[in-house]
Amino acid sequence: MLRPLIALLAALGMAGTAAAQTAIPPGPRIAITAVTQPLPTQPQYTLVDQPLLRDGLRARSGGRIEVTLATHAERNLSGAEIIRLVRAGQAEIGAGTLTTLSGDVPILDGVDLAGLAPDIALARRIADAMTPVANRDLERFGVRIMAMYPFPAQVLFCRAPFASLADLRGRRIRTFGNSLVDFYTALGAQPVSIGFPEVYSALERGVVDCAITGSGSGAAARWPEVSTHISDLAVSWAVAAYVVNLAWYNRQEPAVRALLDETFREIADRQWALGAEATRDGIDCNIGNRAGCRIHSLAARPMTEVKASEADRAEMRRIFEQVVLPGFVRRCGARCGELYNQVIAPISGVRFGG
């Protein structure tokens, strides 16, 4: 049975605040503007960013650090502006998904390619290994990644039955990001680009047959009202990153930087734990499993879970190796292929170029 995550995170929050008492000396107030998650209702925001980034830094600094925290929606942002926003000093800290941020730094797209990491433990190993590599590029933009983290597994919601990946041929599927387009094109599906807020009506009206998003994100957006079947196959993880303005960070006294580093290590641990719990929770909520639904809302019209077969998993790996990875290197350049082979291939077990 899924343990009660909200109570667990609350307990961890209290314990973490007590344990991480990095002392900072008295001094002037430090004001931080942070723009993190897409929506204020997301667990990543309410269960992690608010208690740790906003309240935790205030408590741990004895009131010296004051974080003004907001979401993309509250600032009327799409998420693609986060690196530029932080670089310009309009926010000291920002967060966004790597797929969204990769327009400015293409190597970021390689961390969360479709089919790369079938489980969240592998996804974290790749993200941790790639953080210093990505920072070599990002620091030229005046920003640095403080932590990477996932959203729930990105899974498929469909408005008609399917039993395997092969059944998706010919279906119109809402995707986001280049590697998901490559993945579903390789299956013979028709990728369609639609903004997340418009997906509900697109499914309802049959503009698309299926759509991919986080298992919990679909639950929060009430997709079970307009779709009937949900896959448990984690195609990707919508890995995201917190970035900090590097010049601002470097101006802080060493004790303040140490407190920020420590806080983001804890935030990363909490977000990865939440990503794992919220993945299964989202599916359970969507299929009407009340016992397993602790984080999101229980669907009024339960969906049918489609469990991936070993053949599906083998096909996903084949498409990643033969289509998705070469497509990424083609877009990003030869250096990205070399970095992939140096850093990610020893973890994923798949080399670029055979």
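Here the structure is a predicted model, which is why all the values come from computation and not from measurement.

Novice: I tried to follow helix α7 (residues 196-205) on my own but got confused; where do I start?
Specialist: Because the α-helix completes a turn every 3.6 residues, residues three or four places apart line up on one side. Looking at α7, one finds that the buried residues are Val199, Tyr200, Ala202 and Leu203. Where α7 is buried, its residues meet β6 (172-175) and β8 (210-214). One or two steps after α7, the chain reaches glycine 206, where phi turns positive at roughly 80°.

Novice: Honestly, the sheet that holds β8 in this entry has me stumped. Any pointers?
Specialist: Strand-to-strand pairing in sheets goes through backbone hydrogen bonds, with the strands running parallel or antiparallel. Strand order in this open sheet of six strands is β7-β6-β8-β5-β9-β11, and the pairing throughout is mixed. What marks the edges here is a single partner per strand, and that holds for β7 (190-193) and β11 (304-306). Across this sheet, the average inter-strand angle for adjacent strands is 30°, counted without regard to direction. Sheet analysis places strand β5 (residues 154-158) next to strand β9 (residues 229-231), joined by two bridges and oriented antiparallel. The residue of β9 that forms the bridge with phenylalanine 157 is isoleucine 230. Running over the sheet, α7 touches β6 and β8 and is turned about 145° from β8.

Novice: Would you mind showing me how to read empty space enclosed by the protein here?
Specialist: Empty space left among the atoms is revealed by rolling a probe the size of a water molecule over them. With the rule as written, the count across this model stands at two cavities of 30 Å³ or more. Empty space within the largest cavity amounts to approximately 90 Å³. What lines the largest cavity is a set of 14 residues, among which Phe162, Leu165, Ser231, Leu233 and Asp312 lie closest to the centre. Its residues assigned to classes, the lining of the largest cavity comprises ten nonpolar, two polar and two charged. Of the pockets and cavities examined, the second largest cavity occupies roughly 50 Å³. The wall of the second largest cavity is formed by Thr99, Asp109, Asp112, Phe176, Gly177, Ser179, Leu180 and Ser236. When the residues that make up the lining of the second largest cavity are grouped by side-chain class, the tally is two nonpolar, four polar and two charged.

Novice: Help me out: how do you make sense of the layout of surface pockets in this one?
Specialist: Estimated volume of the largest pocket: approximately 1,200 Å³. Put simply, the parts of the chain that give the lining of the largest pocket at least two residues each are α2 (43-60), β3 (93-97), α4 (98-101), β6, α7, β8 and α8 (215-220). Of the residues belonging to the lining of the largest pocket, the class tally is 24 nonpolar, 23 polar and two charged.

Novice: How do you make sense of the environment of alanine 276 when you look at a structure like this?
Specialist: Position of alanine 276 among the secondary structure elements: in helix α10 (residues 254-286). Alanine 276 sits 105 residues away from arginine 171 along the chain, and the two C-alpha atoms are 29 Å apart.

Novice: What am I meant to see in the sheet that holds strand β10 (residues 240-245) here?
Specialist: Read across the sheet, five strands follow the order β2-β1-β3-β10-β4 without closing on themselves; strand pairing throughout is mixed. With partners counted over all chains shown, the strands left at the sheet margins are β2 (65-70) and β4 (143-149), one partner each. Strand-to-strand, the axes of this sheet are offset by a mean angle of 20°, without reference to chain direction. With six bridges connecting them, strand β1 (residues 30-35) and β2 associate as parallel partners. For isoleucine 30, the partnering residue across the bridge sits in β2 and is isoleucine 65. The sheet strands contacting α10 are β1, β2, β3, β4 and β10, and the helix crosses β4 at an angle near 30°.

Novice: Sorry, what's going on with the side chain of glutamine 271 here?
Specialist: On the secondary structure map, glutamine 271 appears in helix α10. At a separation of 3.2 Å, a polar atom in the side chain of glutamine 271 contacts the main-chain carbonyl oxygen of glutamine 44. Beyond its immediate chain neighbours, meaning those up to four positions away, glutamine 271 contacts Gln37, Gln44, Val48, Asp49, Tyr149, Pro150 and Tyr242.

Novice: Looking at this structure, how should I read unusual backbone geometry?
Specialist: Note on backbone geometry: most residues besides glycine have negative phi, and most peptide bonds are trans. Positioned with a positive phi, asparagine 76 is a non-glycine residue whose angle comes to about 60°. Structurally, asparagine 76 can be placed in the loop between β2 and α3 (82-87). The exposed category is assigned to asparagine 76, whose relative accessible area is 71%.

Novice: Hey, could you run me through the pattern of salt bridges in this one?
Specialist: When their charged atoms lie close together, side chains carrying opposite charge are able to pair. The final tally for this structure, using the stated rule, is 18 salt bridges. Arginine 58 serves as the salt-bridge partner of glutamate 66, at 3.1 Å between the closest nitrogen and oxygen. Among the residues examined, glutamate 66 registers a relative accessible area of 24% and is labelled partly exposed. The salt bridge partner of arginine 335 is aspartate 137, with a shortest N-O separation of 2.9 Å. Taken together, the positions of arginine 335 in helix α12 (residues 334-348) and aspartate 137 in helix α5 (residues 120-138) put the pair 198 residues apart, joining distant regions of the chain. Looking at aspartate 137, the relative accessible area reads 8%, which means it is buried. Each member of the salt-bridge network shares a partner with another, and the members are Arg54, Asp55, Arg58 and Glu66.

Novice: Got a minute to help me understand the nonpolar core in this structure?
Specialist: Side chains of a nonpolar character, in soluble globular proteins, are inclined to be buried together. Ranked by internal contacts, the top residues of the largest apolar core, which has 117 residues, are Leu53, Leu108, Ile126, Met148, Leu168, Phe183 and Tyr184. If we ignore the near neighbours within four places in the chain, the residues touching phenylalanine 183 are Ala114, Leu165, Val235, Met316, Ile319 and Val324.

Novice: Hey, could you run me through the pairing of β6 in this one?
Specialist: Side chains on a regular strand alternate between the two faces of the sheet. Where β6 meets β7, four bridges bridge the pair, whose relative direction is parallel. What sits directly across from arginine 172, in β7, is glutamine 190. Handedness of the β-α-β unit built from β6, helix α6 (residues 178-186) and β7 comes out right-handed. Summarising the sheet, β6 and β8 pair through two bridges and their orientation is parallel. The residue bridging arginine 174 from the neighbouring strand is alanine 211, located in β8.

What counts, and where the lines are drawn
- Residues numbered from 1 in each chain as written.
- Predicted model: local features only at pLDDT ≥ 70, side-chain atom pairs only at ≥ 80, totals over all residues.
- Heavy atoms only, no water.
- Buried < 20%, exposed > 50% of the residue type's maximum accessible area, 1.4 Å probe, protein only.
- Helix = DSSP H or I, 4+ residues; strand = E, 2+ residues; numbered from the N terminus.
- Contact = heavy atoms within 4.5 Å.
- Pairing = 2+ DSSP bridges.
- Axes fitted to C-alpha atoms, helices over the stretch in contact; angles between N-to-C directions.
- 1 Å grid on protein atoms, 1.4 Å probe; cavity = no way out; pocket = protein on both sides within 12 Å on 5 of 7 lines; lining within 4 Å.
- Points joined across faces, edges and corners; volume = space filled by probe spheres on them.
- Nonpolar A, V, L, I, M, F, W, Y, C, P; charged D, E, K, R; others polar.
- Polar contact = N/O pair within 3.5 Å; in protein donor to acceptor, adjacent residues only side chain to side chain.
- Salt bridge = Lys/Arg side-chain N within 4 Å of Asp/Glu carboxyl O.
- Core = buried A, V, L, I, M, F, W, Y, C linked by side-chain atoms within 4.5 Å.
- Right-handed = clockwise from strand over helix to strand, strands pointing away.

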